[in-house]
Amino acid sequence: TGGGLSRLIRKSPMVHFVLDRLATPQPEFEVIQRYKKASLKEMHEALNMGQGLAVIVKQGQGAEEIGR
């Protein structure tokens, strides 16, 4: 996907974010990891690892809106 989760940093270096609920990667990612002999760090840097989206909100907002 050309950046995966690390792309969030490029959106704005002034934005602080916390990835607190990541989806469990699908089995295909394990196959890719073995085939490419990639570390888990490399996998997260290069692919989105099954994460569909990121919601960016102002500090102090968001928890109520997403149902926590």
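Since this is a predicted model, take the numbers as computed values, not measurements.

### Let's talk about the overall build of the chain
Alright, step 1. Each helix and strand in the chain was counted, giving three helices and zero strands.
Alright, step 2. Within the chain, the proportion of its 68 residues that are buried is 16%.
Alright, step 3. In the chain, 57% of the contacts between residues at least 6 apart in sequence involve partners at least 24 apart.
Alright, step 4. Surface exposure of the chain reaches about 5900 Å², of which carbon and sulfur atoms provide 57%.

### Quick look at the nonpolar core
Alright, step 1. Phe29, Ala38, Met43, Leu47 and Met49 together form the largest nonpolar core, which totals five residues.
Alright, step 2. Residues contacting Met49, with those up to four places away along its chain left out, are Pro25, Phe29, Leu40, Met43 and His44.

### What to know about unusual backbone geometry
Alright, step 1. Positive phi, close to 55°, is recorded for Lys37, a residue that is not glycine.
Alright, step 2. With respect to the helices and strands, Lys37 occurs in the loop between helix 2 (27–36) and helix 3 (40–46).
Alright, step 3. When its relative accessible area of 74% is taken as the criterion, Lys37 is described as exposed.

### Quick look at the confidence of the model for the chain
Alright, step 1. When pLDDT is averaged along the chain, the result is 76, and 71% of the positions lie at 70 or above.
Alright, step 2. For the chain, the element scoring lowest by mean pLDDT is helix 1 (residues 7–11), at 66; helix 2 scores highest, at 93.

### Brief notes about the pattern of salt bridges
Alright, step 1. The tally for this structure, following the rule as stated, stands at one salt bridge.
Alright, step 2. Linking Arg34 and Glu30 is a salt bridge whose minimum nitrogen-to-oxygen distance equals 3.8 Å. With a gap of four residues between them, Arg34 and Glu30 both fall in helix 2, about one helical turn apart.

### Structural notes on the environment of Ala38
Alright, step 1. Its place among the elements puts Ala38 in the loop between helix 2 and helix 3.
Alright, step 2. The contacts of Ala38, once residues within four sequence positions are left out, are Gln33 and Met43.

### Let's talk about a nonpolar patch on the surface
Alright, step 1. Taken together, the side chains of Val15, Phe17, Leu19, Leu22 and Ile56 define a hydrophobic patch exposed on the protein surface, amounting to about 410 Å² of accessible area.
Alright, step 2. Here Leu19 shows up in the loop between helix 1 and helix 2.
Alright, step 3. Taking relative accessible area as the criterion, Leu19 reaches 40% and is therefore assigned partly exposed.

Rules used in this analysis
Residues numbered from 1 in each chain as written. Predicted model: local features only at pLDDT ≥ 70, side-chain atom pairs only at ≥ 80, totals over all residues. Heavy atoms only, no water. Helix = DSSP H or I, 4+ residues; strand = E, 2+ residues; numbered from the N terminus. Buried < 20%, exposed > 50% of the residue type's maximum accessible area, 1.4 Å probe, protein only. Contact = heavy atoms within 4.5 Å. Areas by Shrake-Rupley, 256 points an atom, 1.4 Å probe, with all protein chains shown as cover. Core = buried A, V, L, I, M, F, W, Y, C linked by side-chain atoms within 4.5 Å. pLDDT = per-residue confidence, 0-100. Salt bridge = Lys/Arg side-chain N within 4 Å of Asp/Glu carboxyl O. Patch = residues over 30% accessible without salt bridge, like charges linked within 9 Å, V, L, I, M, F, W, Y side chains within 5 Å.

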